Every structure is written in structure tokens, then in C-alpha cells.
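Residue-level structural notes
So you can see what is in the structure, the chains are spelled out below.
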Amino acid sequence: MIQQPPVERPAIQDPAIAGPSELDRSHLATAFRAARSGLAEGGIPIGAALIVDGGVLAVGWNKRVQQGSAIRHGETDCLENGGRLPASVYARATMVTTLSPCDMCTGAILLYKIPRVIIGENRTFYGGEDLLRDRGVEVIVVDGPECAQLMTDFIAARPALWNEDIGVPD
């Protein structure tokens, strides 16, 4: 009997939810490019994209360092870049983020009632995914190795900055 090599599958916490589509993966690539932009600017490499009706409406990345901001995480920067939108737009949206959203970003997703979140990885940080699921948000974790490697490298190189970003005391 010939054994087939194991097939790598994305980490999906809820088996009732389908995995990421090719379009989801394409949008994650957009968020990943945004994360790399943040790193190139000297910031924390977390990117996000707000997808509405299958198209990219806004992109953002963590700009806490670059702008001296307390709240410019990838997801909140993305929402800000999207501008003021009616609730009907958010109701058709997907937030794509390279890293599991922190409590602040989870709160923004819930506030605007964004029904779907695609997460690049949650190995280096596990945020508010359980709360999102408990509130009815569809959460899909892609478990992308490129997202995990970007964060692993950053955390190793800049642990104090990472801890500051997630609210861990020195």
C-alpha cells in the first residue's frame, strides 16, 4: 500500500464552517502586503482588508509606532481608511486580518456588526475569536505559514514593542 503524504489543511475551529475560498486567500494576500508595509515603515506587521461584496473597500495596517497612536491597529486603521459607512455596508462585509484580532479590534468588528472574519494566523496571538463566534460572527482561521512567520520573526526581534502593542506590562 502506498501512503500519501499528509495534506496540510487550514486550522478551522468550527467544523460547521467551510474553509477559506480562493477569493478569501487572495484578500488575505492583500492584508499580508499591508502588514509588510507596516513592517517596512518600522511598525508592527499586522495588516487588514475590509471586503464588501467580494471587493476590497479598504486596507490598513498597524500604525501605532508610525503615528504615535494608541488605537491604530491593523483592523482599526482599515476601518478608518474605509471612512464613515452605513450599517448596511458593514452587514455585507468581511474583515480579513493577518493576526487574530485583539479585544479592541474584536469590539470594533462587533460594534459594526461585521458578520465574517478571515484570520491569517492565531499561533502567535489568540485574540477575541471566541467572543466573535459567541456573538454569531463567522470566523475562519487560515493558519497561513507566511503570516505566522512574519509575526514570529517580529516578536523575536522586537519583544518589548510587541508586548506594548498587546498591553503586556514590561
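On a predicted model such as this, the values are computed, not experimentally measured, just so you know.

**Description of the pairing of strand β3 (residues 93–97)**
Burial analysis of β3 places five of its five residues in the buried class, which makes it a mostly covered element. Here β3 shows two buried faces, one formed by Ala93, Met95 and Thr97 and the other by Thr94 and Val96. By the bridge criterion, five bridges tie strand β1 (residues 47–52) to β3 in an arrangement that is antiparallel. Bridged to Leu50 within β3 is Met95. Direction of pairing for β3 relative to strand β4 (residues 116–119): parallel, over a ladder of four bridges. Bridge pairing links Thr97 to Ile119 in β4. Handedness of the β-α-β unit built from β3, helix α5 (residues 103–111) and β4 comes out right-handed.

**Considering the side chain of Ser69**
As for its position among the elements, Ser69 is in the loop between α2 (64–67) and α3 (74–82). Among the residues examined, Ser69 registers a relative accessible area of 15% and is labelled buried. A distance of 3.0 Å separates a polar atom in the side chain of Ser69 from the backbone nitrogen of Ile71. Excluding anything up to four places from it in sequence, Ser69 contacts Lys63 and Arg64.

**Points about the packing of helix α7 (residues 145–157) against helix α8 (residues 159–166)**
At a closest axis distance of 5 Å, the pairing of α7 and α8 adopts a crossing angle of 110°. Taken together, the axes of α7 and α8 lie roughly perpendicular to each other. Between α7 and α8, the residues in contact are Met151, Phe154, Ile155, Ala156 and Ala157 and Pro159, Leu161 and Trp162, respectively. Within the contact of α7 with α8, the residues separate by chemical class into eight nonpolar, no polar and no charged.

**Notes on the environment of Ala87**
With respect to the helices, strands and loops of the structure, Ala87 is situated in helix α4 (residues 87–90). Using a relative accessible area of 58% as the deciding quantity, one classes Ala87 as exposed. As a C-alpha pair, Ala87 and Tyr112 span 25 residues in sequence and 6.8 Å in three-dimensional space.

**Focus: the packing of aromatic side chains**
Tallied over the full model, the rule gives two aromatic pairs. Centre to centre, the rings of Phe125 and Trp162 are 5.9 Å apart; their planes meet at 90°, and the pair counts as edge-to-face. One end of the pair, Phe125, is in the loop between β4 and α6 (129–134); the other, Trp162, is in helix α8, and 37 residues separate them in sequence. Both residues of the pair, Phe125 and Trp162, belong to the buried class.

Cut-offs used in this document
- Residues numbered from 1 in each chain as written.
- Predicted model: local features only at pLDDT ≥ 70, side-chain atom pairs only at ≥ 80, totals over all residues.
- Heavy atoms only, no water.
- Buried < 20%, exposed > 50% of the residue type's maximum accessible area, 1.4 Å probe, protein only.
- Helix = DSSP H or I, 4+ residues; strand = E, 2+ residues; numbered from the N terminus.
- Pairing = 2+ DSSP bridges.
- Right-handed = clockwise from strand over helix to strand, strands pointing away.
- Polar contact = N/O pair within 3.5 Å; in protein donor to acceptor, adjacent residues only side chain to side chain.
- Contact = heavy atoms within 4.5 Å.
- Axes fitted to C-alpha atoms, helices over the stretch in contact; angles between N-to-C directions.
- Parallel < 35°, antiparallel > 145°, perpendicular 65-115°, else oblique.
- Nonpolar A, V, L, I, M, F, W, Y, C, P; charged D, E, K, R; others polar.
- Phe/Tyr/Trp six-rings, centres within 6.5 Å; stacked < 30°, edge-to-face > 60°.

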